[in-house]
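# Geometric and topological summary
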Amino acid sequence: VKTTKREFTILLVGETGVGKTTVLSLIANILEGRTPEQYVDFHAPGNEAGGSQSGSQTKSAQVYEFGSKNGVIVRILDTPGLADTRGLAEDKKHKESIAQEIQRSIATVNAVIILANGTLPRLGASTDYALTTLSSIFPNTLSNNIGIMFTNVGDPLNCNFEEDAIPDILRHAKQFLLDNPVAIQKKFLQQKQKRTLQMAVDQMQKRVQASEVTALDTLNQVFDWLDALVPQPTKEIVYLHGKSQNIEKNIDSALARMTQAAEKDRDLQRIAADLNKAQVVSTYHPSVRLSLELNVANLRT
Ligand SMILES: Nc1nc2c(ncn2[C@@H]2O[C@H](COP(=O)(O)OP(=O)(O)O)[C@@H](O)[C@H]2O)c(=O)[nH]1
Ligand SMILES: [Mg+2]
């Protein structure tokens, strides 16, 4: 990977299963100069919730730092699946966790990369939701620095993603395709063992090598893009997050006030109805009418 900058900080965002951890692993392995036969597993220490493949997820936002032999540092914030299998209820916590992690350990951000599965026609509802959540955390100044990476696809001919499914905030985002050789190498080793699907071993090996070549090309595109970007200070991100929390607080108290007002309104209507009924009676008992009218006048103030 050729680059003029020395340090890169990237936020990685995407649903569980989209390939975030595998991208981390690829970058770590590439920076270490490993070829597919030498790839080692990347473990996010103590930060995987465990369980089955679909249920396995990263618990909280976490920063990983990788160094290359020629002194390039790549810092990646692996964000939790903003809307993963644990449900939307945890999104607020994730948002907190991301903002806190950024505040704690990152001064500037070079880019945000949204991961999406390129074999699917559109983003999951949860990624859509996550993007909405993220747009409250990320300031407008960052919008140039957002990229979208389609995983599970090595070339545009395999990409099923429909252009019109790209949400507005990603409309101008730089796009990348990645069929991750770390995932493919892993599958190759499994298949070599099991041999359930028929494909010659050397054919499979060729397939792994081809995916490595394409992935290296993609990573070069990513770093060329990163090179040209103006890094964004995270002060703004943290400030905006504080602001969005304040807005939420304000909405809460406005809702409370509206509830009170609605209760008052209901009382008022009940009395007005009583008043209507009472009007008949009040021709005989003017004092009743007077007292009801006073009541209504009281409530109106
Ligand atoms: N073929 C292929 N498989 C992938 C790719 N990226 C991830 N996977 C596989 O998808 C599964 C989920 O990936 P993982 O990195 O754990 O997703 P995360 O939940 O976003 O961290 C794993 O079995 C990966 O090996 C890819 O680009 N191509
Ligand atoms: Mg993961």
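See the structure above.
Below or above, wherever it landed, is the structure these notes cover. (Residues numbered from 1 in each chain as written. Chains lettered and ligands numbered in written order. Predicted model: local features only at pLDDT ≥ 70, side-chain atom pairs only at ≥ 80, totals over all residues. Heavy atoms only, no water.)

## A short note on helix 1 (residues 20–31)
In a regular helix each residue adds 1.5 Å, so 12 residues correspond to 16 Å; helix 1 covers 17 Å between its end C-alpha atoms and thus fits that length. For helix 1, the full list of buried residues reads K20, V23, L24, S25, L26, I27, A28, N29, I30 and L31. Positive phi appears at G33, one or two residues downstream of helix 1, with a value of about 75 degrees. (Helix = DSSP H or I, 4+ residues; strand = E, 2+ residues; numbered from the N terminus. Expected span 1.5 Å × (residues − 1). Buried < 20%, exposed > 50% of the residue type's maximum accessible area, 1.4 Å probe, protein only.)

## Some remarks on the packing of helix 1 against helix 4 (residues 181–194)
Between helix 1 and helix 4, the shortest axis-to-axis distance is 8 Å and the interhelical angle comes to 95 degrees. Of the possible angle classes, the one that applies to helix 1 and helix 4 is roughly perpendicular. Within the contact between the two elements, helix 1 uses T22, S25, L26 and N29 and helix 4 uses P181, V182 and A183. Its residues assigned to classes, the contact of helix 1 with helix 4 shows four nonpolar, three polar and no charged. (Axes fitted to C-alpha atoms, helices over the stretch in contact; angles between N-to-C directions. Parallel < 35°, antiparallel > 145°, perpendicular 65-115°, else oblique. Contact = heavy atoms within 4.5 Å. Nonpolar A, V, L, I, M, F, W, Y, C, P; charged D, E, K, R; others polar.)

## What about the side chain of N180?
Note on placement: N180 falls in the loop between strand 7 (174–178) and helix 4. Judged by relative accessible area, which is 7%, N180 ranks as buried. At a separation of 2.9 Å, a polar atom in the side chain of N180 contacts the main-chain amide nitrogen of V182. Residues contacting N180, with those up to four places away along its chain left out, are T22, V23 and L26. (Polar contact = N/O pair within 3.5 Å; in protein donor to acceptor, adjacent residues only side chain to side chain.)

## A word on the nonpolar core
A general trend in soluble globular proteins is that nonpolar side chains are found buried together. Counting 32 residues, the largest nonpolar core has F66 and L226 as its most contacted members. If you list the elements that add at least two residues to this core, you get strand 1 (7–13), helix 1, strand 2 (62–67), strand 3 (73–78), strand 5 (111–117), strand 7 and helix 5 (201–228). Tallying contributions element by element places helix 1 first for this core, with seven residues. Beyond its immediate chain neighbours, meaning those up to four positions away, F66 contacts L24, I27, A28, L31, F42, V72, I73, V74 and I76. Counting residues in each nonpolar core, the second largest holds 20 residues, with V13, V112, L123 and A173 among its members. (Core = buried A, V, L, I, M, F, W, Y, C linked by side-chain atoms within 4.5 Å.)

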